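# Examining the three-dimensional arrangement
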Amino acid sequence: MNRLEEKIIHDAENRAEEIREKGKQDAAHISVSYEEKLQQLTLEKEKELETLYTNEVTRRKVLYSLEDSRDVLAQKISCIEEVIESAASRILTTDTLFQHMVRKAVRLGTVDGTEILYFSPRHESLFKGEFSDSLHAIAAEKTGSPASLEMRRDDTIREGGIILKGSRRELNATKQAIIQELREKYITNTAAILFPGEGTTP
């Protein structure tokens, strides 16, 4: 083999070695870049997951807080409603309280003597004697004449109470109407008594 051939072969081998080294370096660079990119993506995903987790925890805390508030509010309202219904029942089952309510209703509801007082079957025995006479007297005082207040039993008033109907106005004092009136009149004060320091709205 002459010198020229040896030089050509030597140069070729050197060039091949350079190409191999360059290939190794490129491969290593690509590998490092890939690892860095993968690590970056992993960190980004971890941060994203952490953010999602934090947001979900916050959302659930708000939901649980709202649910707790609703539960407390429902319990307060239920308690107040029980107090009001108990008060209405006491009015209708205690003769002195019931008679006082009826006298007040006749005094407020009598206008021209055309009124008819409808009462529940459960109170029928009360609308006799002195109590009945006192109602006639109130009606007469209101109209300025010896008016005769008509009284009738009404079987549709099942839960107790009365309805006073006239040509110009009607006064409802049945159990549901009493409950509604008590609710509108006393619910704020009742809430303040039952739940002091928590505001006046249930």
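Heads up: these notes are all about the structure in this document.

### Comments concerning the side chain of Thr174
Position of Thr174 relative to the elements: it lies in strand 4 (residues 170–174). On the basis of relative accessible area, Thr174 is assigned to the buried category, the value being 15%.

### A word on the packing of helix 2 (residues 95–109) against helix 3 (residues 129–143)
At a minimum axis distance of 9 Å, the contact between helix 2 and helix 3 shows a crossing angle of 25 degrees. Taken together, helix 2 and helix 3 sit at an angle that is classed as roughly parallel. Read as a crossing pair, helix 2 and helix 3 show a hand that is right-handed. Mapping the contact onto sequence places Gln99, Val102, Arg103, Val106 and Arg107 in helix 2 and Phe131, Ser134, Leu135, Ile138, Ala139 and Lys142 in helix 3. Classifying every residue of the contact of helix 2 with helix 3 by side-chain character gives six nonpolar, two polar and three charged.

### Considerations on the pattern of salt bridges
Scanning the entire structure with this criterion turns up six salt bridges. With its nearest N and O atoms 2.8 Å apart, the salt bridge here joins Arg183 to Glu81. Of this pair, Arg183 sits in helix 4 (residues 175–194) while Glu81 sits in helix 1 (residues 3–93), and the two are 102 residues apart along the sequence. What makes Arg183 partly exposed here is its relative accessible area of 24%. Across the salt bridge formed by Arg152 and Glu150, the nearest N and O atoms sit 2.5 Å from each other. One continuous salt-bridge network, built from bridges that share partners, spans Glu124, Arg153 and Asp155.

### Description of the packing of aromatic side chains
Evaluation of the coordinates by the stated rule reveals three aromatic pairs. Where Phe98 meets Phe127, the ring centres are 6.2 Å apart and the plane angle is 85 degrees; that geometry is what we call edge-to-face. Here Phe98, found in helix 2, pairs with Phe127, found in the loop between strand 1 (116–119) and helix 3; they are 29 residues apart in sequence, far enough to count as distant. Of the residues examined, Phe127 reaches a relative accessible area of 8% and is grouped as buried. Here Phe119 and Phe127 contribute two aromatic rings whose centre-to-centre distance is 4.4 Å and whose plane-to-plane angle is 10 degrees, an arrangement assigned as stacked. Among the residues examined, Phe119 registers a relative accessible area of 6% and is labelled buried.

### Some thoughts on the pairing of strand 3 (residues 161–165)
Among the five residues that make up strand 3, four are buried, leaving the element largely enclosed by the rest of the structure. Here strand 1 runs beside strand 3; their pairing, made up of four bridges, is antiparallel. The residue of strand 3 that forms the bridge with Tyr118 is Ile163. Direction of pairing for strand 3 relative to strand 4: antiparallel, over a ladder of five bridges. From the neighbouring strand, Lys165 faces strand 4, where its bridge partner is Glu170. Where strand 3 hands over to strand 4, the hairpin turn is made up of four residues, counted between the paired strands.

Rules behind the numbers
Residues numbered from 1 in each chain as written. Predicted model: local features only at pLDDT ≥ 70, side-chain atom pairs only at ≥ 80, totals over all residues. Heavy atoms only, no water. Helix = DSSP H or I, 4+ residues; strand = E, 2+ residues; numbered from the N terminus. Buried < 20%, exposed > 50% of the residue type's maximum accessible area, 1.4 Å probe, protein only. Axes fitted to C-alpha atoms, helices over the stretch in contact; angles between N-to-C directions. Parallel < 35°, antiparallel > 145°, perpendicular 65-115°, else oblique. Left-handed = near helix turned anticlockwise from the far one by under 90°. Contact = heavy atoms within 4.5 Å. Nonpolar A, V, L, I, M, F, W, Y, C, P; charged D, E, K, R; others polar. Salt bridge = Lys/Arg side-chain N within 4 Å of Asp/Glu carboxyl O. Phe/Tyr/Trp six-rings, centres within 6.5 Å; stacked < 30°, edge-to-face > 60°. Pairing = 2+ DSSP bridges.

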